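Spelled out from the first residue to the last, the chains are:
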Amino acid sequence: MINRREFIFSSLMLAGHASIGSRYAFASPVNDSKVKALQLKINCVMEVLKPPKNRDISIWTPLPHDDYDQRVTGLTVTSTFPYRVTEEPIFRNRMYFFKTDRLNSGDRIVLKYNLYRKVSDTVEDRNEKPERYLEPSEWEKWDDNIARYTDSLAGKETDPVKIARKIYDALIDSLTYVHEACGRGVSTLTFEEKTGRCDEFHALFRSMMMYKKIPVKWEQGIAFPYPSVIKKTGEVEADCINSQSWLRFYIGNNRWMPVDLAEAKKRPDLRDFFFGRLVPNRIRMSAGRGMNLNPLQQSPINTFPYTYAEADGLPLIYGHHYKNVLKFEVVKTEV
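Residues numbered from 1 in each chain as written. Predicted model: local features only at pLDDT ≥ 70, side-chain atom pairs only at ≥ 80, totals over all residues. Heavy atoms only, no water.

Engineer: Could you clarify how one ought to interpret the side chain of Asn302 in this entry?
Structural biologist: Residue position: Asn302 is located in the loop between β14 (282-287) and β15 (308-311). A polar side-chain atom of Asn302 sits 2.8 Å from the main-chain carbonyl oxygen of Arg184. Polar side-chain contacts of Asn302 include one of 2.7 Å to the side chain of Arg289. (Helix = DSSP H or I, 4+ residues; strand = E, 2+ residues; numbered from the N terminus. Polar contact = N/O pair within 3.5 Å; in protein donor to acceptor, adjacent residues only side chain to side chain.)

As structure tokens, then:
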């Protein structure tokens, strides 16, 4: 896909990057590290802008659902197209699948629901099989350079938490964060260019951890403003710029610890916090990378944090054919 979703990543690799520090210098009485949970009302709209001439239209929208950290209630869907709920078998992501033979300008899919999102912490999951998270996606292969670098950081350490912290700190110190760039989350490219946003940070971390035989889960969704700056109501575009990925790595005894390297880079004051916890200003839409949707899409899909669409098997162009807007209302901030 093109436009912002498939931004030409290398074009920003060589460009100068403005400092982001001022964006995250807060004077709010709300301490982001102390917020326990957010309650929000969500209104997520996919709207057709310029309909394609094709007649075989397929649309997949991730269906947010309950997990360790969030509870979704009161979900309703309004659509001008027929739809059904489906689930892919590998990561168990659920979705709404819409099928139509024609799109018109102004056609909309609207999802409304209540979201309760709490701070993420280490969780226990006895039903999960850690070994299934040792297989990298096609974007997370490691080469000899990454292997040597990982070995130099880890040394003889065997504790997964200590190894993770060494990698976490090294990548935060060495990588440059670029917000307005939609990359592909390719580990080898990130290691070479030392630049990217959340997918690049987390792809490289995940590759290095898997190389050390430590299982790592990939999760993604949409980010909201931090509790210290969020307004009563607002909206974000649910696209690659506002999508957010994060990870959980296996620490033994059925326990999984969350990390978010990109947010730790953006918020140096929360660097220690984001190693083992996550601020609740996000919603998880799906998990995993390189998934097959249900029904099967024609073009490869890297991640699935927002609506994806095809016409005659070709991806629709985000920002040209359609857009996604997520409107929110803060009901309560728990501190």
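More follows now that the structure is in view.
Engineer: Is there a simple way to explain the state of the cysteines in this structure?
Structural biologist: Note on terminology: a disulfide is the covalent bond linking the sulfur atoms of two cysteines. Enumeration according to the criterion identifies one disulfide in this entry. Here Cys182 engages in a disulfide with Cys240; their sulfurs sit 1.7 Å apart. Residues Cys182 and Cys240 share a disulfide whose torsion about the S-S bond is about 65°; that sign makes it right-handed. Of the two residues, Cys182 sits in the loop between β8 (176-177) and α4 (187-193) while Cys240 sits in the loop between β11 (233-237) and β12 (243-252), which places them 58 residues apart along the sequence. Overall, Cys182 belongs to the buried group, its relative accessible area being 4%. Between Cys198, a free cysteine, and Cys182, which holds the nearest cysteine sulfur, the sulfur-to-sulfur gap is 9.3 Å. For Cys198, a relative accessible area of 1% puts it in the buried group. (Disulfide = S-S within 2.5 Å. Buried < 20%, exposed > 50% of the residue type's maximum accessible area, 1.4 Å probe, protein only.)

Engineer: Which parts of the structure should I look at to understand the sheet that holds strand β1 (residues 37-48)?
Structural biologist: Strand pairing in a sheet takes place through backbone hydrogen bonds and is either antiparallel or parallel in direction. Strand order across the open sheet formed by five strands is β3-β6-β1-β17-β11, with antiparallel pairing between neighbours. In the strand order of this sheet, the two ends are held by β3 (70-79) and β11, each with one partner. Mean inter-strand twist for the sheet, computed between neighbouring axes without regard to direction, equals 20°. Direction of pairing for β3 relative to strand β6 (residues 108-118): antiparallel, over a ladder of eight bridges. Each residue of the ladder has a partner; that of Arg71, found in β6, is Tyr116. (Pairing = 2+ DSSP bridges. Axes fitted to C-alpha atoms, helices over the stretch in contact; angles between N-to-C directions.)

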